Amino acid sequence: MSRKQEADIVIVGAGPVGLFAVFACGQLGMRCHVVDAFSEIGGQCIALYPEKPIYDIPGFPSVRGRELIARLREQAEPYHARFSLDSLAVGLRRDAQRLFVRTSKDEEILARAVIIVAGPGAFGPNRPPLAGIEALEGTSVHYWVRDPQTLRGKRIVIAGGGDSAVDWAIVLSDIAASVTLVHRRSKFRAPPASVNALMQLSGNKKVTLRVPYQVSALEAHERALKAVIIEDLDGERIRLEADVLLPFFGLSSDLSALSEFGLNLEAGAIRCDPLSMSTSVPGIFAAGDVASYPGKEKLLVTGFSEAAIAARSAFAFAYPEKPYHFQHSTDRGRPSASQVRQNV
Amino acid sequence: MSTNDIHIVVDDNGQVHRLTCRSGISVMEAIRNAGLPLEAACGGSLACATCHIILSEADYARVGAPSEDEEDMLDQAFGVTRTSRLGCQILLDPSLDGLGLRLPARS
Ligand SMILES: Cc1cc2nc3c(=O)[nH]c(=O)nc-3n(C[C@H](O)[C@H](O)[C@H](O)COP(=O)(O)OP(=O)(O)OC[C@H]3O[C@@H](n4cnc5c(N)ncnc54)[C@H](O)[C@@H]3O)c2cc1C
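Everything numeric here is computed off the predicted structure, so don't read it as measured data. (Residues numbered from 1 in each chain as written. Chains lettered and ligands numbered in written order. Predicted model: local features only at pLDDT ≥ 70, side-chain atom pairs only at ≥ 80, totals over all residues. Heavy atoms only, no water.)

Draft legend 1. Broad picture of the sheet that holds strand E1 (residues 5-12) of chain B. Residues and elements named next belong to chain B. The mixed open sheet is built from five strands, whose spatial order is E2-E1-E5-E3-E4. Here the strands that pair on one side only, and so sit at the sheet edges, are strand E2 (15-22) and strand E4 (84-86). Ignoring strand direction, the axes of neighbouring strands in this sheet form an average angle of 35 degrees. Strand direction decides the pairing type here: E1 and strand E5 (residues 99-103), joined by five bridges, are parallel. What sits directly across from Val-10, in E5, is Leu-101. (Pairing = 2+ DSSP bridges. Helix = DSSP H or I, 4+ residues; strand = E, 2+ residues; numbered from the N terminus. Axes fitted to C-alpha atoms, helices over the stretch in contact; angles between N-to-C directions.)

As structure tokens, this is what we get:
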């Protein structure tokens, strides 16, 4: 049995444009339910560049990714949107008046319209292109470690060269039967203290470093990993017997979860009409990086404008009987929860 | 075709494409403009490794080694070789006319 939720608008994607869409919908009196596959709101600004200054947001000569998201969250706050994080939007069905968006957490949200602000797609682990890896995920292959104790006594291969790879090699060296760290070069991208700790563990033979190597194949038997094959830059191979592989290659984005929505997906984007931000599916609108039309520029400012247009169009679709009364935010006054459902 | 146009040769897993492109764009943009499959998720801001390309040895020598930041991002690519680069970090100019590269195998 899926859990049911209800809102005026479902917003797929809690990136910067999704957050502004919550505000834009709130201004029109509509309450939103936001779904994001990632564990945090903020989209690319948080997942990819929280500390980078952005210089082309009107009114902000310089603002870091993290700060922009904090501001957008604050701006949307009065409209009390609900958020389902760690939740991938995977399905859509409809009846005469409503759309139902289903998530990977078996939640179903019914709404009058949907705004897709999915950027380049749902954030998830960057999966190495190895034959058979998907069948081992959750048993022998893990992209994050929830409880290190579950790895006690295992022969572990960690692949990657950043913070996660280094930190987990250190932590697990105490718990696992063996830890082998495989990386394509000798430099690790981690704070000097962590790299020093790693080098010490390598000296004490508590962690085996395999550099420069990359994982090239897996051997498995009935959903259990048997060995990881690694390869150096000259194609020289080594077979490492292992129970567990932990690949740490950062995040990747994947739009395929939306394939069931019946949208016109091409080249990693949704075709829409820039005058209304409507897609080929009635009641579904798009904004931000995922929305494409001739001459599209993937910028935050463009996305914010598209979110305002999508909100207006979603309003017209959701409440065809209501007149669309234009008001500036200055006339509406300070945003507050009481504005929600005032118009509708 | 203007005198500024240059040519690059892209081998997409056995399918060879000869592209004519304007000087001043990146290799990533040239490949995307031609409609070839290259994700380039971050749009060229050196925040992902999805425009990983592999140059011929001679052309790698022409283009030069990646910056330290680019090396860091290449850590998130797969099947990295001695002549791997990120396409977004190579700007095309007439000195790179005839550049040859291949796209990595896809899963
Ligand atoms: C390093 C870097 C620097 C940049 N600098 C600038 C700059 O200076 N100026 C500028 O204007 N732009 C810049 N950009 C681009 C800007 O960040 C993007 O245009 C912006 O993030 C787009 O916002 P969005 O909300 O449309 O999508 P995103 O930020 O990509 O967010 C999309 C969200 O949707 C979620 N999602 C996708 N599919 C699903 C699904 N099926 N179910 C649930 N959730 C889903 C994803 O997990 C993600 O959180 C930069 C980008 C990068 C990477």
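Still to come is the rest of the account.
Draft legend 2. Structural view of the site of the ligand. Asp-36, Tyr-49, Ala-89, Asp-289 and Leu-300 of chain A are the nearest of the 36 residues found near the ligand. More than one chain reaches the ligand: the nearby residues come from chains A and B. In the environment of the ligand, an oxygen atom lies 2.5 Å from a nitrogen or oxygen atom belonging to the side chain of Tyr-49 of chain A. Between the ligand and Phe-123 of chain A, the relevant distance is 3.1 Å, taken from an oxygen atom to a main-chain nitrogen or oxygen of the residue. Within the complex, the protein chains bury 94% of what would otherwise be the 1000 Å² of accessible surface of the ligand. Broken down by secondary-structure element, the contributors of at least two residues to the shell around the ligand are helix H1 (16-27), helix H2 (43-47) and strand E11 (122-125) of chain A. Broken down by element, the residue count for the shell around the ligand peaks at three residues, all from H1 of chain A. (Near = heavy atom within 4 Å. Polar contact = N/O pair within 3.5 Å; in protein donor to acceptor, adjacent residues only side chain to side chain. Areas by Shrake-Rupley, 256 points an atom, 1.4 Å probe, with all protein chains shown as cover.)

Draft legend 3. Representation of the environment of Ala-21 of chain A. Residues and elements named next belong to chain A. Relative to the assigned elements, Ala-21 resides in helix H1. As for Ala-21 and Asp-254, which are separated by 233 residues in sequence, their C-alpha atoms are 21 Å apart. Non-local contacts of Ala-21, meaning those with residues more than four positions away in its chain, are made with Ile-11 and Ala-307. (Contact = heavy atoms within 4.5 Å.)

Draft legend 4. Expanded view of the packing of H1 of chain A against helix H7 (residues 300-318) of chain A. Residue and element names in this part refer to chain A. It is the contact of H1 with H7, at a shortest axis distance of 8 Å, that shows an interaxial angle of 35 degrees. The element H1 and its partner H7 pack so that their crossing is right-handed. In contact with Pro-16, Val-17, Phe-20, Ala-21, Ala-24 and Cys-25 of H1, H7 contributes Leu-300, Gly-303, Phe-304, Ala-307, Ala-308 and Ala-311. Looking at the contact of H1 with H7 residue by residue, the class counts come to eleven nonpolar, one polar and no charged. (Left-handed = near helix turned anticlockwise from the far one by under 90°. Nonpolar A, V, L, I, M, F, W, Y, C, P; charged D, E, K, R; others polar.)

Draft legend 5. Geometry of the side chain of Glu-108 of chain A. Residues and elements named next belong to chain A. Structurally, the position occupied by Glu-108 is in strand E9 (residues 107-111). Within the local environment of Glu-108, its side chain forms a polar contact with the side chain of Lys-4, the two groups lying 2.7 Å apart. Sequence-distant contacts of Glu-108, that is, excluding residues within four places in its chain, are made with Ser-2, Arg-3, Lys-4, Gln-5, Arg-93, Phe-100, Val-101 and Arg-102.

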